[in-house]
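So you can see what is in the structure, the chains are spelled out below.
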Amino acid sequence: MPTAAPAPAALNDIVAMPAHALSEAIRLRQVSCREVMAAYLAHIDRVNPKLNAIVARRDSDELMREAAERDAQLDAGQWLGWLHGMPQAPKDLTAVRGMVTSMGSPVYKDQVTAHDSIMIERMRASGAIFIGRSNVPEFGLGSHTYNAVYGATGNPYDPSRTAGGSSGGAAAALAARMLPVADGSDFGGSLRNPAAFCNVYGFRPSAGRVPSGPAPEVFLKQLSYEGPMGRTPRDVALLLSVMAGYDARAPLSLSDDPAQFAQPLETDLRGKRVGWLGDWNGYLPMEPGILDLCERALGDLAAVGCEALDYRVPFAGDRLWRMWLVHRHLMVGGQYHALVHDPETRKLAKPALIWEVEGLDGITARQVYQATEERSAWYQTVLRMFEEVDYLAVPSAQVFPFDVNMDWPKQIAGRPMDTYHRWMETVTPWTLAGCPVISVPVGFNAAGLPMGMQLIGPPRGDLAVLQLAHAYGQAQDWVRERPPVALWRD
């Protein structure tokens, strides 16, 4: 078995391995798929009750039989791909054939899906074994993972705090070593916020990089992208190589060869300019300590040859927020309009969903058109910004992980938050621009709670962003340095 990072007390060597090392060990027959499955299931049994990150668990005997089938395939010389024999728990928003897709809603708690999404098709074809689901907020709304079907997900560094969301179950399971890598999706920071809160990496790819669908998602979710999470940028990139690539069912999908993400990420970053946005010149309220951690992380970027410089965005933050609300109402409200207007299902819906639908009801076609004009203006501004710098950097969240029993933060640094997602405003500009963004860990506050920083590249610059994150991770590896050891100690 290849050498792994030193394992914390009582952590099985297999689950301690980074995903790229585990995949190679499976391919080379240094460890069997049955051994991998047994190790992960035992670790999940021990740790998951403390976090509630993985839900809708499948029967262990069935999973061991599937692992044996993967071993038999290797015996016959058939290696399916990078995920061969690796346990995965797809986010409970994406369609997985034969599994319940509850979306955290009592309306769909018994809904068994008849098809795979495009992303799941690709993960299945690459040899993944689906062991259950990662928990989500109801319909993925809000960056805090709790719902009436499965309950709340705790933070691996303090289970009394939130793991973030909506990929909170995925991030918590990944940080707690219950999964080698994880899938997620991101509209309002759902890959970035939970990664920051759980001390892992979460990558929102460029528009079209990971095709969404099949219909109706093709057109309903043009600002919601699926993407990878991992404990190293290399693992993130390798999972992206499985997820990415053109599909005719997704007309906006990109045709670039996804094999580019399976190549080594080392590159020369000397002279690359990173524009630090901070709190958007005071526009974004920040909990004390966040900017300090991010600014220290900029020093690690400088250590790999980058030049970090203060950068002022030539676009008003409140102007971005207004267009964001219209796009959010349009895409969330449109998708769930019928559910909210049916009295029987409305009474089962969380207030955030009702608010989105009612917000759409009050918007005119002219306002939608104006919001698309504004988004185009923002996109052109972003292109001009990347003529001046190579990358941008900004905090991944405006608060540290908060009480798991709280719906959402109602104020930051004394400033009131007027919507259930206003406290995550730091992520919305990059959603609107369609830029590739990765959240990288930047350390911990005095209470031992993690934080992250977004590294942003120009549209379709996914590989460059992953290369920057890889160099940063080589300079400062918070995942290896500060695992949530308390979870697996007796």
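The rules we used
Residues numbered from 1 in each chain as written. Predicted model: local features only at pLDDT ≥ 70, side-chain atom pairs only at ≥ 80, totals over all residues. Heavy atoms only, no water. Helix = DSSP H or I, 4+ residues; strand = E, 2+ residues; numbered from the N terminus. Polar contact = N/O pair within 3.5 Å; in protein donor to acceptor, adjacent residues only side chain to side chain. Contact = heavy atoms within 4.5 Å. Axes fitted to C-alpha atoms, helices over the stretch in contact; angles between N-to-C directions. Parallel < 35°, antiparallel > 145°, perpendicular 65-115°, else oblique. Left-handed = near helix turned anticlockwise from the far one by under 90°. Nonpolar A, V, L, I, M, F, W, Y, C, P; charged D, E, K, R; others polar. Buried < 20%, exposed > 50% of the residue type's maximum accessible area, 1.4 Å probe, protein only. Pairing = 2+ DSSP bridges. Core = buried A, V, L, I, M, F, W, Y, C linked by side-chain atoms within 4.5 Å. Disulfide = S-S within 2.5 Å. 1 Å grid on protein atoms, 1.4 Å probe; cavity = no way out; pocket = protein on both sides within 12 Å on 5 of 7 lines; lining within 4 Å. Points joined across faces, edges and corners; volume = space filled by probe spheres on them.

Caption draft 1: Quick peek at the side chain of Thr162. Relative to the assigned elements, Thr162 resides in strand E6 (residues 158–162). At 2.7 Å, the side chain of Thr162 forms a polar contact with the side chain of His144. Those residues in contact with Thr162 that lie beyond four places of it in its chain are Ser143, His144, Thr145, Thr153, Asn155, Phe197, Pro401, Phe402, Asp403 and Val404.

Caption draft 2: Up close: the packing of helix H11 (residues 317–335) against helix H15 (residues 365–385). At a minimum axis distance of 9 Å, the contact between H11 and H15 shows a crossing angle of 125 degrees. With respect to H15, the axis of H11 lies oblique. With respect to the hand of their crossing, H11 and H15 are arranged in left-handed fashion. Together, Arg319, Leu320, Met323, Val326, His327 and Leu330 of H11 and Gln367, Val368, Ala371, Thr372, Glu374, Arg375, Ala377 and Trp378 of H15 make up the contact between the two elements. Looking at the contact of H11 with H15, its residues break down into 8 nonpolar, 3 polar and 3 charged.

Caption draft 3: Inspection of the pairing of strand E7 (residues 182–186) at higher detail. Among the 5 residues that make up E7, 5 are buried, leaving the element largely enclosed by the rest of the structure. On E7, burial covers both faces: Ala182, Gly184 and Asp186 on one face and Asp183 and Ser185 on the other are all buried. Sheet analysis places E7 next to strand E9 (residues 225–230), joined by 5 bridges and oriented antiparallel. Its bridge partner being in E9, Asp186 is matched across the sheet by Tyr225.

Caption draft 4: Spotlight on helix H6 (residues 168–175). Extensive coverage of H6 is indicated by the burial of 8 of its 8 residues. Along H6, the residues that are buried comprise Gly168, Gly169, Ala170, Ala171, Ala172, Ala173, Leu174 and Ala175. In the stretch just after H6, Arg177 is the one whose phi turns positive, near 65 degrees.

Caption draft 5: Representation of the nonpolar core. Ranked by size, the top nonpolar core spans 156 residues in total, and within it Met123, Trp378, Trp430 and Met453 carry the most contacts. In terms of residue count, helix H3 (residues 33–51) provides more of this core than any other element does, 9 residues in total. Residues in contact with Met123, not counting those within four places in the same chain, are Leu83, Gln88, Ala128, Phe130, Asp183, Leu239, Val242 and Met243.

Caption draft 6: Layout of the packing of H3 against helix H4 (residues 60–75). The N-to-C vectors of H3 and H4 enclose an angle of 155 degrees; their axes lie 7 Å apart at closest approach. Here H3 lies roughly antiparallel to H4, going by the angle between them. Of the two possible hands of crossing, H3 and H4 adopt the one that is right-handed. Contacts between H3 and H4 pair Cys33, Arg34, Met37, Ala38 and Leu41 from the former with Ser60, Leu63, Met64, Ala67, Ala68, Arg70, Asp71 and Leu74 from the latter. The residue makeup of the contact of H3 with H4, split by class, is 9 nonpolar, 1 polar and 3 charged.

Caption draft 7: Representation of the state of the cysteines within the structure. All told, the structure shown has 0 disulfides when counted by the stated rule. For the unlinked cysteine Cys294, the closest cysteine sulfur is that of Cys306, found at 16 Å. Cys435 carries a free sulfur, and the closest cysteine sulfur to it, the one in Cys306, is 17 Å from it. A residue is classified by how much of its surface remains accessible, and Cys435, at 0% relative accessible area, is buried.

Caption draft 8: Geometry of empty space enclosed by the protein. For the structure shown, the criterion picks out 1 cavity of 30 Å³ or more. The calculated volume of the largest cavity comes to roughly 60 Å³. Taken together, Trp280, Tyr283, Leu284, Gly317, Leu320, Glu425, Thr426, Thr428 and Pro429 make up the full set of residues lining the largest cavity. Of all the secondary structure elements, the ones that give two or more residues to the lining of the largest cavity are H11 and helix H16 (428–433). Residues belonging to the lining of the largest cavity are distributed by class as follows: 5 nonpolar, 3 polar and 1 charged.

These figures come from the coordinates and say nothing about function on their own.
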